[in-house]
Amino acid sequence: MLFVEKSKTTNPYKRFDYLLFGLVLILAAIGLVVFSSAVKDRPSLLKPQVLGLIMGVALCLILSAIDYKDLKVLSLFIFFGAMGLMVLVLFFGSGEELGNKNWISIAGMSVQPSEYAKIAYIILASVFLERIKDSPEKNKADILKFLAYSCVAIGFVLLQKDLGTAMVFVFIFFLFIYIAGIPYRYIFILLGVAGLSLPFIWVYVLNENRRNRILTFISPERDPQGGGYNVIRSKLAIGSGRLFGQGYGSGLQTQSGSVPVNESDFIFSVVGEELGFIGGCIIILLGLLILLRIIYISKNASDSYGSFVCIGVAGMMGFNFIENIGMSMGLLPVTGLPLPFVSQGGTAMLANFMAVGIVLSVSLRRKRGNFNSS
């Protein structure tokens, strides 16, 4: 049985991190405005997005009030619960028509368990990383457990043929290894295994659609009416916005349907076309400030466990920010990852707010006097 020392808090309102919470709310509010413009001709999509935003804020506040150290006790249950949902997806999931099978219907709602699995993985991995960091002389067993659970999580995502989400897990995994100071020999071994597995992944894991996306990233013009169409139209939309944009709801490319999935994968094209370079910079700046604040909270956490949890959340969100914006601009391969707090997707919205709630819990129970919330 794992016992943890409970955190002591004084006045939760005084120690609440209003800066992080405020930055997230501002980004979500701007995101809702952008999303409403993207779906002007599909108003039925707006209600679920608003509902997801409201539920996300509520969950965020609830989780911030719960001691994050309680998650340490429940980490295995949370992880295996998330993996159980991933197993259900393999048998009863949907989404194969889009190239990956990662959705399941629960109570009439479509849920993407891999979004919650990212948080479950961060919670469990942080338990072993804390032991590795605090007891380096007895860390071999914990290193092996960390590697084993990481392989399980990444493996299930690859079985769903969801390469984009798998990349998020891999990024968090290597970020954890770097921060925890795990010997580099483990990294070299893993890199060697990854290199040897690339041909297998290319042939057996990636479907034709995924392989075309990678080839199209290298040269979008090779298939301008097929695999390269989305990227080409997205770049055209972003470029046409120039400095100040064409105005809300006035994007010629995004409002005419020329940019596919502009409410989700390519929502940054709506930002670029309608809000211009200035609007794009605001979105990027807000994302950067959120990540910097989470990293700051990590540095001032009361224990290694809270610090690792925050680093994992920063890695998860940071990768999504970079990948979504990068693929919209043709700088990175198209993976289908959403832009946090902006893109369509109730599951991703709830998962991101839940992650922020856990970080706020770490902040509430930080070392006394380390930093203020302003």
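Coordinates for the structure precede this section.
So, how was this worked out
Throughout this document, residue positions are counted from 1 along each chain, in the order its sequence is written. Local features are withheld for residues below a pLDDT of 70 in this predicted model, meaning they are given only at 70 or higher, and side-chain atom pairs are given and counted only at 80 or more; totals for whole chains, interfaces and linings count all residues. Side-chain numbers come from the whole structure's heavy atoms, not from hydrogens or water. Only buried residues count toward a nonpolar core. Its members are Ala, Val, Leu, Ile, Met, Phe, Trp, Tyr and Cys residues joined through side-chain atoms within 4.5 Å. Relative accessibility under 20% of the residue-type maximum defines a buried residue, over 50% an exposed one, and the middle range a partly exposed one, all with a 1.4 Å probe and only protein chains included. The contact definition used throughout considers only heavy atoms, calling two residues in contact when any of these lie within 4.5 Å. Simply put, an axis is a line fit to the C-alpha atoms, just over the touching stretch for a helix, and the angle between two N-to-C directions goes from 0 to 180 degrees. Secondary structure counts use DSSP, requiring at least four H or I residues in a row for a helix and at least two E residues in a row for a strand, with both numbered from the N terminus. Should an angle fall under 35 degrees it is taken as roughly parallel, and over 145 as roughly antiparallel, whereas 65 to 115 is taken as roughly perpendicular and any remaining angle as oblique. The hand of a helix crossing depends on one turn: near helix anticlockwise from the far one by less than a right angle means left-handed, and clockwise means right-handed. Note on ring pairs: Phe, Tyr and Trp rings are taken, using the six-membered ring of Trp, and paired if centres are within 6.5 Å. Classes follow the plane angle, with under 30 degrees stacked, over 60 edge-to-face and the rest tilted. What makes a salt bridge here is a side-chain nitrogen of Lys or Arg within 4 Å of a carboxyl oxygen of Asp or Glu, nothing more. Given the number of residues in a helix, its expected span is that number minus one, multiplied by 1.5 Å. It is the directions from the helix axis to the C-beta atoms that the arc portrays.

## Quick word on the nonpolar core
Formed by 86 residues in total, the largest nonpolar core has its most connected members in Tyr121, Phe146, Phe176 and Met317. Dropping the residues within four chain positions of it, methionine 317 is found in contact with Leu291, Ile294, Pro340, Phe341, Asn352, Ala355 and Val356. Counting residues in hydrophobic clusters, the runner-up holds 6 residues, among them Val231, Ala237, Val259 and Phe266.

## Some remarks on the packing of helix α6 (residues 140–159) against helix α7 (residues 163–180)
Packing of α6 against α7 leaves a shortest axis separation of 8 Å and a crossing angle of 165°. Here α6 is positioned roughly antiparallel relative to α7, judged by the angle of their axes. Both α6 and α7 take part in a crossing whose hand is left-handed. The residues of α7 that touch α6, namely those facing Phe146, Leu147, Ser150, Ala153, Ile154, Val157 and Leu158, are Thr165, Ala166, Phe169, Val170, Phe173, Phe176 and Ile177.

## Observations regarding the side chain of lysine 118
Along the chain, lysine 118 turns up in helix α5 (residues 113–134). Residues within four places of lysine 118 in sequence aside, it is in contact with Thr165, Val168, Phe169, Met316 and Asn320.

## Some details on the packing of aromatic side chains
Tallied over the entire structure, the rule returns 14 aromatic pairs. Summarising the aromatic geometry, the rings of phenylalanine 16 and tyrosine 18 are spaced 5.0 Å apart at their centres and angled 65° between planes, so their arrangement reads as edge-to-face. By relative accessible area, which is 43% here, tyrosine 18 ends up partly exposed. Taken together, a centroid distance of 6.1 Å and an interplanar angle of 75° make the contact between phenylalanine 80 and tyrosine 149 edge-to-face. On the criterion of sequence distance, the pair formed by phenylalanine 80 in helix α4 (residues 69–92) and tyrosine 149 in helix α6 is long-range, its members being 69 residues apart. Residue class for phenylalanine 80 comes out partly exposed when judged on its relative accessible area of 47%. Taking relative accessible area as the criterion, tyrosine 149 reaches 21% and is therefore assigned partly exposed. Each member of the aromatic cluster is reached from another via a ring pair, and the members are Phe79, Phe80, Phe128 and Tyr149.

## Some thoughts on the pattern of salt bridges
Here the structure, examined in full by the defined rule, presents 8 salt bridges. Among the ionic pairs, arginine 293 bridges to aspartate 17, the shortest N-O distance being 3.2 Å. Here arginine 293, found in helix α12 (residues 267–299), pairs with aspartate 17, found in the loop between α1 (12–15) and α2 (18–38); they are 276 residues apart in sequence, far enough to count as distant. In this pair, the class of arginine 293 matches that of aspartate 17, namely buried. Taken together, the shared-partner salt bridges in this structure form one network comprising Asp41, Arg42 and Glu263.

## Comments concerning the environment of valine 89
Mapped onto the elements of the fold, valine 89 is located in helix α4. With a relative accessible area of 0%, valine 89 lands in the buried category. Each C-alpha atom, one on valine 89 and one on proline 113, is 7.9 Å from the other, the two residues being 24 residues apart in sequence.

## Concerning helix α10 (residues 229–240)
Its 12 residues give α10 an end-to-end C-alpha distance of 17 Å, which sits within 8% of 16 Å, the value for a rise of 1.5 Å per residue. Inspection of α10 places Val231, Ser234, Ala237 and Ile238 among the buried residues, and these make up the whole buried set. Buried residues of α10, seen end-on, are gathered within an arc of 130° and therefore sit on one face of the element.

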